[in-house]
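Survey of secondary and tertiary structure
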Amino acid sequence: IADDVEQFQKTMDRIEEQSPHILITTGAVSAGKWDFIPTSLQERNAQIFFHKTAIKPGKPILFAQLKSGTTVFALPGNPISTAVGFRFFVAPFLQKIFSFPKKEKQKVMLTSCGKKKKGMTFFLKSQSFFNSNGQICARILQGQESFRMYPLLETNGWVVLEEHMEEYKSGDVVTF
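Reference entry: report on the structure contained in this document. Here the structure is a predicted model, which is why all the values come from computation and not from measurement. (Residues numbered from 1 in each chain as written. Predicted model: local features only at pLDDT ≥ 70, side-chain atom pairs only at ≥ 80, totals over all residues. Heavy atoms only, no water.)

Here the focus is unusual backbone geometry. Looking along the chain, the bond that leaves Lys 56 and enters Pro 57 is cis, with omega of -5°. The residue Pro 57 is located in the loop between β3 (55-56) and β4 (62-65) in this model. Phi at Ser 19 takes a positive value of approximately 50°, unusual for a residue other than glycine. Note on placement: Ser 19 falls in the loop between α1 (5-18) and β1 (22-26). Exposure remark for Ser 19: the relative accessible area of 41% places this residue in the partly exposed category. Phi at Ser 99 takes a positive value of approximately 55°, unusual for a residue other than glycine. Positionally, Ser 99 belongs in the loop between α3 (79-97) and β6 (107-110). (Helix = DSSP H or I, 4+ residues; strand = E, 2+ residues; numbered from the N terminus. Buried < 20%, exposed > 50% of the residue type's maximum accessible area, 1.4 Å probe, protein only.)

So this is what it looks like as structure tokens:
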């Protein structure tokens, strides 16, 4: 639907009548003038478990439950923020409720270096490969902005830089 609060409320009325198990939205979840989903859910007496996280990209993600029992994931509208929200929040939730096998995280050696904001977990588009010693490595790709989709064509995973990190350098072992 369009970014229109009235249209959203009418759609939510129809959705709540159907009592789906899960609802996933994208966009209108941050803190700007047109970001009406958090307020709309509060007006519907939804229980909001969290809104805004210490991650990048995808900080404004919201997780709630409607009075009907429907679980709501409100993902940010930028494409990469949406992908991160789905991969690291929605997919693990679905894995848990459907008892799907958990995807194992790998430890890889970085071949890139840089800085990040301490206190936030970063999910970076990256590409893994085997070096000449047969060790799995990852390089962080250019174009990390949350609106840049082109790097996804080269991406085969996400490097996760934990919140305690401020710098990362070639040779560091990180989660992939």
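If you trace the four strands from one edge of the open sheet to the other, you get β1-β5-β4-β2, paired in mixed fashion. For this open sheet the edge positions go to β1 and β2 (47-51), each flanked by a neighbour on one side alone. The average angle at which neighbouring strand axes cross in this sheet is 15°, direction not considered. Where β4 and strand β5 (residues 71-75) come together, four bridges link them in antiparallel fashion. Pairing of Phe 63 across the sheet is with Phe 73, part of β5. Strand contacts of α3: β1, β2, β4 and β5, with the helix running at about 160° to β5, the strand carrying the most contacts. (Pairing = 2+ DSSP bridges. Axes fitted to C-alpha atoms, helices over the stretch in contact; angles between N-to-C directions. Contact = heavy atoms within 4.5 Å.)

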